[in-house]
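What follows is the residue order along each chain.
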Amino acid sequence: MGDKGPDIEAVSTALADVIEGRSGALEMIAAARHLLPFTAAFCVVNRKGQRPHYLADTYPEGPAKDAVQLYVNSTYLLNPIYNAILDGVPSGLHRMAALAPDNWNPVPEPLGILVENQEEIGYRTPGWPAGLQELALLVDLPRGAMGEISFARPADAGGFPEELLTRLRPFLPLFATAFRQFWARQGDAQIPTESERKLQDFARATLSPREAEIVQLILKGHSSLSISLTLGIALPTVKTHRKNAYAKLGISTQQQLFSAFLKWQGAAV
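In what follows, the accompanying structure is described. (Residues numbered from 1 in each chain as written. Predicted model: local features only at pLDDT ≥ 70, side-chain atom pairs only at ≥ 80, totals over all residues. Heavy atoms only, no water.)

Turning our eyes to something else, we now look at the overall build of the protein chain. A tally of helices and strands in the protein chain yields eleven helices and five strands. Burial analysis of the protein chain (269 residues in total) assigns 50% to the buried set. Considering only contacts in the protein chain between residues 6 or more positions apart, those separated by 24 or more positions represent 65%. About 12,000 Å² of surface is accessible on the protein chain, with carbon and sulfur atoms providing 53% of the total. (Helix = DSSP H or I, 4+ residues; strand = E, 2+ residues; numbered from the N terminus. Buried < 20%, exposed > 50% of the residue type's maximum accessible area, 1.4 Å probe, protein only. Contact = heavy atoms within 4.5 Å. Areas by Shrake-Rupley, 256 points an atom, 1.4 Å probe, with all protein chains shown as cover.)

Looking now at the sheet that holds strand β4 (residues 132-140). A sheet is described by the order of its strands in space; here five strands give the open sequence β2-β1-β5-β4-β3, paired in antiparallel fashion. Edge strands, defined here as strands with exactly one partner in the open sheet, are β2 (53-57) and β3 (92-95). Strand-to-strand twist in this sheet, taken as the mean axis angle between neighbours without regard to direction, amounts to 20°. Inspection of the sheet shows β3 paired to β4 by four bridges, in the antiparallel sense. For R95, the partnering residue across the bridge sits in β4 and is L135. Packed onto the sheet, helix α3 (residues 63-73) meets β1 (40-46) and β2 and runs at close to 160° relative to β2. Where helix α7 (residues 172-186) meets the sheet, it contacts β1, β2, β3, β4 and β5 (146-154), and its direction lies at approximately 70° from that of β4. (Pairing = 2+ DSSP bridges. Axes fitted to C-alpha atoms, helices over the stretch in contact; angles between N-to-C directions.)

Turning our eyes to something else, we now look at α3. Within the span of α3, buried status applies to A64, K65, A67, V68, L70, Y71 and V72. Packed against the buried residues of α3 are β1, β2, α4 (80-86) and α11 (254-265).

As C-alpha cells, this is what we get:
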C-alpha cells in the first residue's frame with residue numbers, strides 16, 4: 001500500500017474475519033496494511049525455552065524468505081526483541097532500535113556478515129534485506145507466550161515515525177483479540193515443543209565463565225564499550241577477555257564468531 005492513510009473499515013473487517021475464524025496469521029499481517037505502510041512482515045509466537053513458532057511471512061521468495069527461517073531456527077537468540085521478551089517487555093508496539101544495545105551510542109566494530117554499522121541494530125541475519133527498520137506488535141498469549149508481528153520498512157522511506165504508530169495504536173486491542181482467537185484455534189498446547197539451544201551454552205566448555213558472558217553480549221550486538229558498562233568492568237579488561245575468547249575459539253573476527261555460532265546451532269550459513 002502507498003501511504004494513503006488508514007482505512008478503518010477495511011482493517012476492522014479483516015480483523016473480524018480472523019476473530020471469527022475465517023482467516024489467519026497472513027490475514028492479520030494484511031490487516032495492518034490498511035493502517036501502516038511496510039515492505040514485509042513476519043508473524044511468530046515466542047515461548048520461553050523454545051524456538052519461535054513460525055506462523056506466516058510476506059518476505060519475497062529467495063534469500064529474504066530463507067532469512068526468516070534462519071531467524072526462527074537460529075539467530076532469534078541474538079535478536080533484541082526476542083531478548084526483550086525474555087526480560088518481560090510488555091505487549092504493545094516496540095521499535096527494534098529502541099530495544100537494541102548501543103542504540104544510544106553506536107561504536108564501530110569490524111565489518112562482516114554480523115556487523116553492519118548502517119543497520120539500525122548493527123547487524124542483520126544473512127539474507128535479510130539491508131537498510132530496514134523494524135517495528136514489533138507484541139500480544140500477550142496464554143501460558144506465558146507472546147505473539148509477534150514484526151513489520152519492516154526501509155529507513156530511507158522514513159521507517160516508522162510516531163505519526164504512523166498513532167494510526168496503529170487504537171487498533172491494538174483488536175489485533176490482540178484476533179491473535180488470541182487465532183492462537184486458541186491452533187491448539188497451542190498441542191503444538192510440538194522444540195527445545196532451543198540456549199545462548200548461554202555456546203562455547204561454555206571452551207571459555208571461562210567471564211569470556212562466555214562477553215561472547216554472548218558480542219553476539220547480541222554489544223560493543224566492547226557497552227559490555228564494559230553493562231558488566232561494570234574496565235574496557236581494557238573486556239578487550240583482553242575478548243581476545244582470549246577468540247583465540248580459544250580459533251577465530252579472529254566477529255564475522256567468524258557469528259559463523260561459529262550458526263554452525264553450533266546446526267544452521268547452514
